[in-house]
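Chain by chain, the residues run as shown.
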Amino acid sequence: RAVAMSVSHSSRLNKLVREQYMRLPQDGLVQVTYVWIDGSGEGVRCKSRTLDKEPKSIEDVPEWNFDGSSTAQAEGSNSDMFLVPVHMFRDPFCLDPNKLVLCEVLKYNRKPAETNLRHTCKKVMDLVKDSHPWFGMEQEYTLLGINGHPYGWPDNGFPGPQGPYYCGVGADKVYGRDIVESHYKACLYAGVKICGTNAEVMPSQWEFQVGPCEGIEMGDHLWMARFILHRVCEDFGVVATLDPKPMTGNWNGAGCHTNYSTEEMRREGGLKHIEAAIEKLSKRHDYHICVYDPRGGRDNSRRLTGHHETSNIFEFSAGVANRGASIRIPRQVGQDGYGYFEDRRPAANCDPYAVTEAIMRTTVLNETGVETKDYANH
């Protein structure tokens, strides 16, 4: 008996018919899809336009606008928002010469929209550029059917306890690998710095890693990887959620572990710089928790319980090879005496611009307390 899977109606449309149209020539014209972060701080939106020639750099892509009242970013009476192109990628859905373009959102007065966290991140990254900060972020996510239930889970019940699913193989261990592999290939094609993927601890939960990226690139590449994930899932008719705790109970949550180093940490003897940075982070735990999810720590409080490979949200901890700590120093780094460390606190739905900016403010710009400095005049 065939089991009715909870997938969207659109995914059941005949894709072979679509292919017939996708093969038609474009006669030198180029389709550019503008991608931006909406008023939720988590969702991405997109729309497309035609350019009369292929843009060779981001400067060749014109500014555009959209109706901010429909994305929770403006009032209806003054709704035009500016889309300012900042990073261009190849389009894995419409193929070359078409482009995906990540944009910053500015309000009518050219000030950054409330959820445009790239704007201040870029200023901070410019200030600390001599430190050559490298980041790698591990994006966990969960596949859901269109009914909101984890994809592949029994309709009226639960799969067996966690254990066999992490990095698992086999139809009874992993659900949705087609989506994961399609996303990986699409990111490689687009030019996103994706560097790996694996099945996670909870069944139908997965992870991909992006990096190493320097400075502002981290946020740009992770946001585009997220957009591509949602777009691939749309084709397959399922949903990818970045909710940090999609299932209550004895199931792992979803984080976005952030690996970080500066040039001096990566050099011989860098461990002392790693330890100094961790010491600074230990004194600013509350500030970091506030910016590590879009709701000031409320989302993360469901995940950072001290169980399921997490630290407790109220306590800062650090250790070598300790996955129950706020900060983990990889065992290899402890042995070598240099390298990087991993901040395990960011939630799966964090804004990577907010996370990377906060780490730089604390570890390089030596900010303390819960207030941030305005570097507008620098």
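What counts and what doesn't
- Residue positions within a chain follow its written sequence, with the count starting from 1.
- For a predicted model such as this one, the threshold for reporting local features is a pLDDT of at least 70, and the threshold for listing and counting side-chain atom pairs is 80 or more; totals across whole chains, interfaces and linings nevertheless cover every residue.
- Side-chain metrics in this entry use all non-hydrogen atoms of the structure; hydrogen atoms and water are not considered.
- Buried Ala, Val, Leu, Ile, Met, Phe, Trp, Tyr and Cys residues form a nonpolar core when they are joined through side-chain atoms within 4.5 Å.
- Relative accessibility thresholds used throughout: buried, under 20% of the residue-type maximum; exposed, over 50%; partly exposed, between the two (1.4 Å probe, protein chains only).
- Put simply, DSSP H or I for four residues or longer makes a helix, DSSP E for two residues or longer makes a strand, and each gets a number counted from the N terminus.
- Domain extents, as shown, originate in an automatic or database domain assignment.
- The contact criterion used throughout is that any non-hydrogen atoms of two residues lie within 4.5 Å.
- Here, a strand pair is defined by DSSP locating no fewer than two bridges between the strands.
- The term polar contact refers here to a pair of N or O atoms within 3.5 Å; inside protein, the definition further demands a hydrogen-donor-capable atom paired with an acceptor-capable atom, and it admits residues adjacent in sequence only when both atoms are side-chain atoms.
- UniProt positions are given in the numbering used here, feature names are shortened, and annotations may be inferred rather than shown by experiment.
- Buried surface area refers to the total accessible area, computed with a probe of radius 1.4 Å, that the two partners give up upon joining, counted for both partners together.
- One speaks of a salt bridge when a side-chain nitrogen belonging to Lys or Arg is within 4 Å of a carboxyl oxygen belonging to Asp or Glu.
- All amino acids are sorted into three groups, where Ala, Val, Leu, Ile, Met, Phe, Trp, Tyr, Cys and Pro are nonpolar, Asp, Glu, Lys and Arg are charged, and the leftover types, Gly among them, are polar.
- For a helix, the expected span equals 1.5 Å multiplied by the number of residues minus one.

Here we take up the nonpolar core. Among the nonpolar cores identified, the biggest contains 73 residues, and Y141, L143, M224, I228 and F341 are the most heavily contacted of them. A total of 10 residues in this core trace back to one element, the largest contributor, which is helix α4 (residues 217-236). Looking at which domains feed residues into this core, each of domain 1 (9-115) and domain 2 (125-364) gives three or more. Not counting residues up to four positions away in its chain, the partners in contact with I228 are P92, F93, L100, H183, A186, C187, A190 and V192.

Pairing of strand β7 (residues 194-199) with strand β8 (residues 205-214) involves five bridges; the strand directions are antiparallel. The residue of β8 that forms the bridge with A199 is W206. Between β7 and β8, which pair antiparallel and follow one another directly, the connecting turn spans five residues, one of which, S204, has a positive phi of 75°.

Right, let's talk about the environment of L95 for a bit. Looking at where L95 falls in the secondary structure, it is placed in the loop between β4 (80-90) and β5 (99-106). With 94 residues separating them along the chain, L95 and Y189 place their C-alpha atoms 8.9 Å apart.

Let us now look at the side chain of Q73. Residue placement: Q73 occurs in the loop between β3 (64-67) and β4. At 2.6 Å, the side chain of Q73 forms a polar contact with the side chain of T71. Discounting chain neighbours no more than four positions away, the residues touching Q73 are W36, I37, D38, G39, F66, G68, M81, V105, A113 and T115.

Following the sequence through the fold, S10 ends up in the segment before α1 (15-22). Accessibility expressed as a relative area gives 44% for S10, which makes it partly exposed. Residues S10 and G237, 227 residues apart in the sequence, show an inter-C-alpha distance of 6.8 Å.

Moving on, we come to the UniProt feature "domain: GS beta-grasp" (unreviewed entry) in the protein. Residues annotated in UniProt with the feature "domain: GS beta-grasp" (unreviewed entry) correspond here to residues 30-110. Annotated as residues 30-110, this span is 0% helix and 48% strand, and its ends, taken at the C-alpha atoms, are 28 Å apart.

This part covers the domain arrangement of the protein. Domain assignment breaks the protein into domain 1 (9-115) and domain 2 (125-364). Taking the mean C-alpha position of each, domain 1 and domain 2 sit 26 Å from one another. Counting from both sides, the interface comprises 22 residues of domain 1 and, opposite them, 24 residues of domain 2. The junction of domain 1 with domain 2 conceals about 2000 Å² of combined surface from both sides, 68% of it contributed by carbon and sulfur atoms. Three residues, E42, F89 and F93, lead the burial of domain 1 against domain 2; their summed loss comes to 32% of the area buried on that side. Remark: the boundary between domain 1 and domain 2 carries one salt bridge. Note that R295 is salt-bridged to E42, the shortest N-O span being 2.8 Å. Across the domain 1-domain 2 interface, the total number found is six residue pairs in polar contact (both at pLDDT 80 or more). Elements with a minimum of two residues in the side of domain 1 that touches domain 2: α1, β1 (30-37), β2 (44-51), β4 and β5. A class-by-class count of the residues in the side of domain 1 that touches domain 2 yields 11 nonpolar, five polar and six charged.

With 20 residues, α4 extends 29 Å from end C-alpha to end C-alpha; this agrees with the ideal 28 Å at 1.5 Å per step. Burial runs high along α4: 15 of the 20 residues are buried. Backbone geometry just downstream of α4 places G237 in the positive-phi region, at approximately 85°.

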